[in-house]
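What follows is each chain in one-letter form.
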Amino acid sequence: MKIKYWIIGLLLFPLNLMAQDKELTLQDLIPGGKNYAKFQPKNQSVIWVGEDMYLIQDGKDSYRGAKPKQYPEIQVSRASLNQALQDAGLDTVSRLPRFTVAYKSKPVLAFTHKGHRIHYNMETDQVVGNYTLPRGGANLDFCPANNYIAFTEGQNLKVLSPEGEIIPVTHESAPGIVCGTSVHQNEFGITKGTFWSPKGNSLAFYRMDESMVTDYPFVNIDKRVAKAEPHKYPMAGMKSHHVTVGVYNLASGKTIWLKTGTPKEKFLTNIAWSPDEQHIYIAELNREQNEMHLVSYSAATGNREQVLFTEKDDKYVEPQHSVLFVPNHPDQFIWQSERDGFNHLYLYNTEGKLLKQLTQGEWVVLSVEGFDTKGENIFFTGTKPSPISSYSYGTPLCITNWKLNLKKGNAICLNHEAILGSGVHGASLSPSGKYIIDSYSSWDIPRKIVITDAQKNKVLETLLVAENPYKEYVMPEVERGHITAADGKTKLNYFLVKPLNMDSTQQYPTIVYVYGGPHAQLVTGSWMGGVSGWDIYMARRGYVVFTVDGRGSANRGHAFESVIHRQLGVNEMADQVKGVEFLKTKPYVDPDRIGVHGWSFGGFMTTNLMCSYPDLFKVGVAGGPVIDWSNYEIMYGERYMDRPQENPEGYKNSNLKLKAKNLKGHLLLIHGDIDPVVVWQHSLGFLKACVDANTYPDYFVYPRHEHNVIGKDRPHLHEKITRYFDDYLK
């Protein structure tokens, strides 16, 4: 069958003809490199402080703040901050710290310094709060309503009062029990373990009992005698931890426990308080992850009050966001769901009645930024294109910001630059909902930051226009477009980076960079479309670099992403092979020199492709690869594969140890020895299978690194990868 390729919106990355052909190194292009910051588009930290005042970085040692289009500006300098610190008897700073906002409506900045959390009023130049943090304290959670800080110490939860008193909340001593931390392997949108009530009277928190979960043996080699440091890791099909939710009342000093009942092996996700502090809402998901109940509990008694609604799906339900109450309407909340195939917004009342589906269409709501003060309009970011955009792709390369009126249901795009075509906008809504800080980039705009009047839909100020950091360098040509997936109908986005100064009469080695799994999108409408520094580096060394987002990747809807269910690696690999077929139509691609590289799920894909299509791929580099999904954690693994007992054929077909005998080309596996996500056992098991099968992969370990190699060692990682392709593909 002849395969058709629709190449839409072909775009060549701008090439400065006057630029000099200067060298770019991995230290320039890779995070952690000495010169990496120099080759990133200029950025400025901009945050909202107080009553719609923005604070923007202004040089190395100062920030400036003002309300949109209002002056005079307020200056925050290191000198003024240090004077305030000296006046308060505190140590000065050698550089401006990373500020957060302490209160929604006050111009007070928060930062930590030498064991202290400090609150600094930027208008009066005074330290207005000083907390001495306990040594060993972690997971700090400040409550602006009462000025208390929740924190964990060891396996227990405590709170620190404004007067400096430390109050124990839990008193756990049994091994395997921890309170106040994130649970469920940080899945389901869970990022923390404490939740202050709106008025600060109570604190809800997770208690996780992992005593029944098997210890996984990590080893600390930094000790003179290597020391075992066990880590709880619930593998697919094995026992899972049990989670409960406590509610601590500050006034009484007592904790009640929500009566979440049985079975204990379920997921308690997306905790939220009602505005009156009387109820707690939890999205409860069964272990099979195909049925979710939104449940309300009494915050006073812990009793289960009602199930507001239930969502079911033949494959999986994956709640990612808690209920969001509408300002001035304490009986109404927003719920995000994929129930119609795409993540959209739904308006409910607290009786569980659906009032309205607020958004719909074949596009995805990515995040909700907030409301205006009256609660009449909600602001969100999504892949919905502007109606006036020259949007040339039928797939979500564009991310835009929108204002939606809850009554009328009409949505207004707040991004004027969306008319330029696909691009990516990020929004930060002011406390009043009047203004938006819009940080924007597109293929030909490295970064632009503007302030938009959200009421009048008008750009008020341009805060930053970043120059192209590569303007003095000759850059490779980048092609983008789409191909047809292996199903014969779905369009897939790709980008292709061509070798620098390419000779059309020559054929070049080609590297397919792959991820291929859920929760990731590699090809975007942002600056350079997702092309990485390593892609540029390899193109400058004479390689073609190709990336395609196949079925199973993110932001295309539930059907597109869940096509991987119970058969990981099948449809994803088929789409990557279609990408290779497309590459072979290019006269400059050498069909006998095609390699593949990826990390994590991409490491699984790389190893799988090398073993499943041994005559197609000559060289592969797989980082942190999943080899056997029965050795992966429950929450992610069982969502996509079910339990091994329920899907033995799927687990067998995706077990790469059983494919080790097929390996022909050169394959390098790389792993961190304390990886808590894809444990070291995966790649070691594959090595053993290769020894048994008389095949010969190569191997490299990064000691004391977790799931990815970060920091100053990251350029070393990419040098290792580059050398491997140079040795065997170039």
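Because the structure is predicted, anything quoted here is derived from the model rather than measured.

Student: Quick question: what am I supposed to make of the sheet that holds strand E11 (residues 156-160) here?
Tutor: One key point about sheets: their strands pair by backbone hydrogen bonds, in either a parallel or an antiparallel sense. Within the open sheet, the four strands sit side by side as E9-E10-E11-E12. Their pairing is antiparallel. The open sheet terminates on both sides in strands that have one partner only, identified here as strand E9 (138-143) and strand E12 (166-168). For this sheet, the mean inter-axis angle between neighbouring strands, taken without regard to orientation, is 25°. Alignment of E9 against strand E10 (residues 148-153), held across four bridges, turns out to be antiparallel. Following the sheet pairing, Cys 143 is matched in E10 by Tyr 148.

Student: Would you explain the pattern of salt bridges in this entry?
Tutor: Between side chains of opposite charge, a pair can form as their charged atoms come close. Using the criterion set out here, one finds 33 salt bridges in the structure. One salt bridge connects Lys 498 with Glu 477, and the closest N-O pair in it is separated by 2.9 Å. Of this pair, Lys 498 sits in the loop between strand E37 (491-497) and strand E38 (508-513) while Glu 477 sits in the loop between strand E35 (458-465) and strand E36 (478-484); the two residues are 21 residues apart in sequence, bridging distant segments of the chain. Classification of Lys 498 by relative accessible area gives buried; the value is 11%.

Student: Is there a simple way to explain the packing of aromatic side chains in this structure?
Tutor: The way to describe two aromatic rings as a pair is by their centre distance and the angle between their planes. Within this structure, the stated rule accounts for 36 aromatic pairs. On the numbers, 6.0 Å between centres and 20° between planes, the contact of Phe 39 with Tyr 470 is stacked. On the criterion of sequence distance, the pair formed by Phe 39 in the loop between helix H1 (26-29) and strand E1 (46-49) and Tyr 470 in the loop between E35 and E36 is long-range, its members being 431 residues apart. Neither residue differs from the other here; Phe 39 and Tyr 470 are each classed as buried. A ring pair is formed by Tyr 63 and Phe 99, whose centres lie 5.7 Å apart and whose planes are at 65°; its orientation type is edge-to-face. Here Tyr 63, found in strand E3 (residues 62-66), pairs with Phe 99, found in the loop between helix H2 (78-87) and strand E5 (100-101); they are 36 residues apart in sequence, far enough to count as distant. Per residue, the accessibility class of Tyr 63 equals that of Phe 99, and both read buried. Ring pairs connect the aromatic residues Tyr 316, Tyr 515, Phe 601, Phe 604, Trp 629, Tyr 632, Tyr 636 and Tyr 640, which therefore count as one cluster. For Lys 106, the ring lying beneath its charged end belongs to Tyr 103, and the centroid distance is 4.7 Å. Over the ring of Tyr 346 we find Arg 339; its NZ or CZ atom is 4.5 Å from the centre of that ring.

Conventions used here
Residues numbered from 1 in each chain as written. Predicted model: local features only at pLDDT ≥ 70, side-chain atom pairs only at ≥ 80, totals over all residues. Heavy atoms only, no water. Pairing = 2+ DSSP bridges. Helix = DSSP H or I, 4+ residues; strand = E, 2+ residues; numbered from the N terminus. Axes fitted to C-alpha atoms, helices over the stretch in contact; angles between N-to-C directions. Salt bridge = Lys/Arg side-chain N within 4 Å of Asp/Glu carboxyl O. Buried < 20%, exposed > 50% of the residue type's maximum accessible area, 1.4 Å probe, protein only. Phe/Tyr/Trp six-rings, centres within 6.5 Å; stacked < 30°, edge-to-face > 60°. Lys NZ or Arg CZ within 6 Å of the ring centre and 35° of its normal.

Just geometry here; none of it tells us what the structure is for.
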